[in-house]
Amino acid sequence: MHDPLESDAQCARERLAQACDTMTQALLTLLDTQASVAGQIHTIRKLGKSLRGGFSLFEIEKSSAHKIQAIGRLLSGSRDAVSRLNTWHRLAWHGDPLVAEVVAGLLDHQTHSPTHRPPPKTIAWCVDHVASARRALLDVPTPRLTAKIARGLAKLERKTIRRCRKLHHNDEADFHEARKALKAWLGAMGFLPNGFMPKDAKFEALAKLLGDENDLATLAGWLRNHGFTAKLAPDLWKTLKESRRSLQRQAIKQAACLTSLPDA
């Protein structure tokens, strides 16, 4: 990674500010009774993940990135249901046909339940949070932009490497933290000029593995909360555990590529 130039910093700020405008427009579209609520929320949440990395790039994650995160969590319900159903399909468990049918039916029902349009005051609150985050970005003095993104990118990279190198401990929390750090780093790089830093397919692959592992962890929590415990469906939980362990082993192996990078 070469040191960013002033033009790189200006480009990153412009792209991030434009992404904020895109998110604001997506939020306002929720006021349109003809718009697809689920589709717009999916767009908002996906964009929000990138924005959080972008704000970390400018070292304003403790204010702006947290505001964007709050929006994603506030609007998470309907998209989480779709994700759980997709994860269930990938698990492909049919050990007990009756339990499998009941779980699949309930998950499918939740994805097709009417997605209620957020109240106008909720949307206004979200729009205000995006505007506040955007102002904080534009308030960063231009002479400090280059130094900020140089530090911000270095911090994101160090944190990602540090988190990923802990994966061999096999601690569930480490996989979750590595996923978040990797998402922030990759999100931040998306706002830098094209070609600033070549994309490394190994990190993209690792992000996918960690995302799939987290999806299984989320599904496990849903099953437990809905009464499908290990005592009720032991074979299901055995399959869940084996599937997660397989993904964890793959992630640990993929993270081994980090040993070739400078110590963080």
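What counts, and where the lines are drawn
Residues numbered from 1 in each chain as written. Predicted model: local features only at pLDDT ≥ 70, side-chain atom pairs only at ≥ 80, totals over all residues. Heavy atoms only, no water. Axes fitted to C-alpha atoms, helices over the stretch in contact; angles between N-to-C directions. Helix = DSSP H or I, 4+ residues; strand = E, 2+ residues; numbered from the N terminus. Parallel < 35°, antiparallel > 145°, perpendicular 65-115°, else oblique. Contact = heavy atoms within 4.5 Å. Nonpolar A, V, L, I, M, F, W, Y, C, P; charged D, E, K, R; others polar. Core = buried A, V, L, I, M, F, W, Y, C linked by side-chain atoms within 4.5 Å. Buried < 20%, exposed > 50% of the residue type's maximum accessible area, 1.4 Å probe, protein only. Phe/Tyr/Trp six-rings, centres within 6.5 Å; stacked < 30°, edge-to-face > 60°. Salt bridge = Lys/Arg side-chain N within 4 Å of Asp/Glu carboxyl O. Patch = residues over 30% accessible without salt bridge, like charges linked within 9 Å, V, L, I, M, F, W, Y side chains within 5 Å. Areas by Shrake-Rupley, 256 points an atom, 1.4 Å probe, with all protein chains shown as cover. Lys, Arg positive; Asp, Glu negative; His and termini not counted. Charge placed at Lys NZ, Arg CZ, Asp CG, Glu CD. pLDDT = per-residue confidence, 0-100.

## A word on the packing of helix α1 (residues 6–29) against helix α6 (residues 120–138)
No. 1: Packing of α1 against α6 brings their axes to within 10 Å, and their N-to-C directions diverge by 170°. The angle between α1 and α6 places the two elements in the roughly antiparallel class. Contacts between α1 and α6 involve R13, L16, A17, C20, D21, M23, T24, L27 and L28 from the first element and I123, C126, V127, V130, R134, L137 and L138 from the second.
No. 2: Considering only residue class, the contact of α1 with α6 consists of twelve nonpolar, one polar and three charged.

## Some remarks on the nonpolar core
No. 1: Ranked by size, the top nonpolar core spans 72 residues in total, and within it L27, L51 and F55 carry the most contacts.
No. 2: If one sorts the elements of this core by residue count, helix α9 (residues 201–225) sits on top with ten residues.
No. 3: Residues contacting L51, with those up to four places away along its chain left out, are L16, A19, C20, M23, I68 and F191.

## Some points on the packing of aromatic side chains
No. 1: Under the counting rule described, the total for this entry stands at two aromatic pairs.
No. 2: With 6.3 Å between their ring centres and 70° between their planes, W88 and W93 make a pair best called edge-to-face. In terms of burial, W88 and W93 fall into one category: buried.
No. 3: Consider the rings of W185 and F203, whose centres lie 5.1 Å apart with planes at 80°: the pair is edge-to-face. Taken together, the residues span a long stretch of sequence, with W185 in helix α8 (residues 172–189) and F203 in helix α9 at a distance of 18 residues. The residues W185 and F203 share a single accessibility class, namely buried.

## Things to note about the packing of helix α2 (residues 37–57) against helix α3 (residues 61–74)
No. 1: Across the interface, α2 lies against α3 with an axial gap of 9 Å and an inter-helix angle of 170°. Considered as vectors, α2 and α3 are oriented roughly antiparallel to each other. Contact residues: I44, R45, G48, L51, R52, F55 and S56 in α2; E61, S64, A65, I68, Q69, I71 and G72 in α3.
No. 2: Along the lines of polarity and charge, the residues of the contact of α2 with α3 split into six nonpolar, five polar and three charged.

## Details of the pattern of salt bridges
One side chain can pair with another of opposite charge once the charged atoms of both are near each other.
No. 1: What the rule picks out here adds up to twelve salt bridges.
No. 2: The partner of K180 in a salt bridge is E177, with the nearest N and O atoms 3.4 Å apart. Here K180 and its partner E177 are both found in helix α8, three residues apart, which amounts to about one turn of the helix.
No. 3: For E177, a relative accessible area of 23% corresponds to the partly exposed category.
No. 4: Here the salt bridges do not stand alone but share partners, grouping E59, K148, R151 and K155 into one network.

## Some details on the environment of F55
No. 1: As for its position among the elements, F55 is in helix α2.
No. 2: You can call F55 buried: its relative accessible area is 0%.
No. 3: Between the C-alpha atom of F55 and that of C164, which follows or precedes it by 109 residues, the distance is 21 Å.

## With respect to the side chain of S56
No. 1: With respect to the helices and strands, S56 occurs in helix α2.
No. 2: Residue classification places S56 among the buried residues on the basis of a relative accessible area of 12%.

## Some thoughts on a positive patch on the surface
No. 1: Together, R158, K159, R162 and K166 line one region of the surface with positive charge.
No. 2: Within the secondary structure, K166 is located in the loop between α7 (145–164) and α8.

## A short note on the side chain of T111
No. 1: Position of T111 relative to the elements: it lies in helix α5 (residues 97–112).
No. 2: If we ignore the near neighbours within four places in the chain, the residues touching T111 are A81, V82 and L85.

## Things to note about the confidence of the model for the protein chain
Low-pLDDT portions of the prediction should not be read for the details of their coordinates.
No. 1: Of all residues in the protein chain, 94% have pLDDT values of 70 or greater, and the mean over the chain is 88.
No. 2: Mean pLDDT per element in the protein chain: helix α4 (residues 77–91) is the minimum at 85, and helix α10 (residues 234–255) is the maximum at 95.

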